[in-house]
Every structure is written in C-alpha cells, then in structure tokens.
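This is what each chain is made of:
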Amino acid sequence: LGFKHNFAKPNKDITADLNYSASRNNGNTLINTQYFDDLGNPKTDLFRQITKNNGNTKNLIVQTDFTNPITQNIKLEAGLRGAVRTNESKNENFMSNSATGDFISLKALDSRYKFNDQVYAGYITYSQKLNNFSYQLGGRIESSFYKGELIDSNQVFSNKYPFSFFPSVFLTQKINDNQDIQLNYTRKINRPNFFQLIPYYDFTDSLNISKGNPGLKPEFTNLVELSYQLNLKNGNNIVTTAYYRNTNDLITRYTYRDLNPNNAAADSIFISSFTNA
C-alpha cells in the first residue's frame, strides 16, 4: 500500500508505504556419493543421502518519508521506518543403510529453528549549496532486536541494540567546471544473512560440512573517503579515491574441529561456519 501527498510548494511531499509478504517453501535433495580408482572401478559402495527442508517467512515493512526543499539551495529530508521479520524452518537428514538400502533418520543432523528480527529507525538529512561548496549532514537512530530458538533443544540466541546512532557527512568542493573534490564519512551496519544464521548442518559433502551460527552479531563499520574527479573531453573522466575503513565484530568464515555430527561415524571433523572476528 502506498500513499503520497504533494504540497502546493514544488517538490515538497510526504509519502507512506506498507509492504507485507509471506511465503512457504519445501524441498528434497537426493545425493549419491561413490569413490572410484584411477581406472574408474568402484572402490566403495554407493552412499545415498536425503535432505528434506521446509519453512515459512513473513515480512512487514512500514515507512514514511518527508521531503522539503526549503530554498533553491537548501533541502531537508526525514523519515521513519519499521521492519519485522519472522521465520520458522525445519531440516531433516536421512542416510542409506549399505546393507539393506533403506534410509535411516540422522536425528543428530536435524534442526528446527525459528527467529524474530525487528528494526525500527528514524533519520534526518540537511543539505545546502554555498557557491562552489555543498554539504549534506545526516543522522539515523536505530533500535534493533533479534531472537532465535532451536525448538528441539530449547536453546535461545539473541542480541539487542536499543540505541544505535549512524551519522553521515558529505562535503564537496567544486574547483572549476571540470574538477571537484569530495570528503565523506559514514557509519554503517551489516546484519548477518539468513544462511549465516540458520544452524543447519549442510552434509552435502561429508568431508566439507558447513553450519550457520545463530549467535552472530551485526558488524559496524566507520568509513572515511576522499575522492577527486576530473572530467575530460568527450565525456571521459578520471576518479581517484583514498579511503579508510574500520569494522567491529567483522563477520567472517571460521573453521573449527568437533565430533562428527553423524552418529554413525566415531571420528572428529572440521566444520565450516561463521563468527564475529
């Protein structure tokens, strides 16, 4: 649903939008694995496995934005936004018995997980042009909450950021008609995605098992950029940029050694996952 009100003043308006979506998914994956010698002769029996997964997702986003060109060279923008996402998914694994060919359930690899993710934010930006110099100052206040639960084991994962501030500064100095220099500073947030969070064992390759980490936190980045632009003839241009980026709680791949989650194997194995570095 969308709403827009245009004021009598040109380019001054206020909008409101509501977006809701819901989806369901299910799928079965059958994998056959077998080892051969250099001549192509089988060295092992055929190993078969099945992965079944299903789930549902619901998303609700509500936002409103206000734009007001105060003068020809001054502009004010502001807005509010709320986003709520819920997800519940189930993953089951089965492995064939080499003697009978029947599939047996691997309960240790199964997982049922649900989570609720909420983000509420408000922002304001002020921009102005002064002769050959222009700037934009902005700030966003954000409150976010995440809670996940492994249903079968009653394990709960959560993180809360009741108050987070994200300032931004953009400065541009026009040297002449063909050259300008810009200095920008922003603070940003990057939240882990669905596959990084879901704590399922991906047993597609028994020698390369991967698993999501429901305890992941968002990463916060401070970025400073200095750039110079030169416009040449015939529409060509040259842009050079120097930047400094600092990230806290960087989301990165992580490999650890643990007992094989397949109870039929009594060894340890390396598992690939994600962590905050």
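Each remark here, short or long, concerns the structure printed above.
Anyway, here's the lowdown on the structure attached to this text. (Residues numbered from 1 in each chain as written. Predicted model: local features only at pLDDT ≥ 70, side-chain atom pairs only at ≥ 80, totals over all residues. Heavy atoms only, no water.)

**Quick word on the pairing of strand β8 (residues 155-176)**
Inference 1: The pairing of strand β7 (residues 133-150) with β8 spans 17 bridges and is antiparallel. Residue pairing across strands places E149 opposite V156, the latter belonging to β8.
Inference 2: As paired elements, β8 and strand β9 (residues 179-190) share 8 bridges and run antiparallel to each other. What sits directly across from K174, in β9, is D180.
Inference 3: Between β8 and β9, which pair antiparallel one after the other, the connecting turn spans 2 residues. (Pairing = 2+ DSSP bridges. Helix = DSSP H or I, 4+ residues; strand = E, 2+ residues; numbered from the N terminus.)

**Re the pattern of salt bridges**
Pairs may arise between side chains of opposite charge once their charged atoms sit close together.
Inference 1: With the rule as written, the count across this model stands at 8 salt bridges.
Inference 2: K114 is paired through a salt bridge with E149; the nearest N and O atoms lie 4.0 Å apart. Of this pair, K114 sits in strand β6 (residues 111-130) while E149 sits in strand β7, and the two are 35 residues apart along the sequence.
Inference 3: By relative accessible area, which is 36% here, K114 ends up partly exposed.
Inference 4: With a closest N to O distance of 2.4 Å, R191 and E142 form a salt bridge. With R191 in the loop between β9 and α1 (194-197) and E142 in strand β7, the pair connects residues that are 49 residues apart, well separated along the chain.
Inference 5: In this structure R191 comes out as partly exposed when scored by relative accessible area, which is 27%. (Salt bridge = Lys/Arg side-chain N within 4 Å of Asp/Glu carboxyl O. Buried < 20%, exposed > 50% of the residue type's maximum accessible area, 1.4 Å probe, protein only.)

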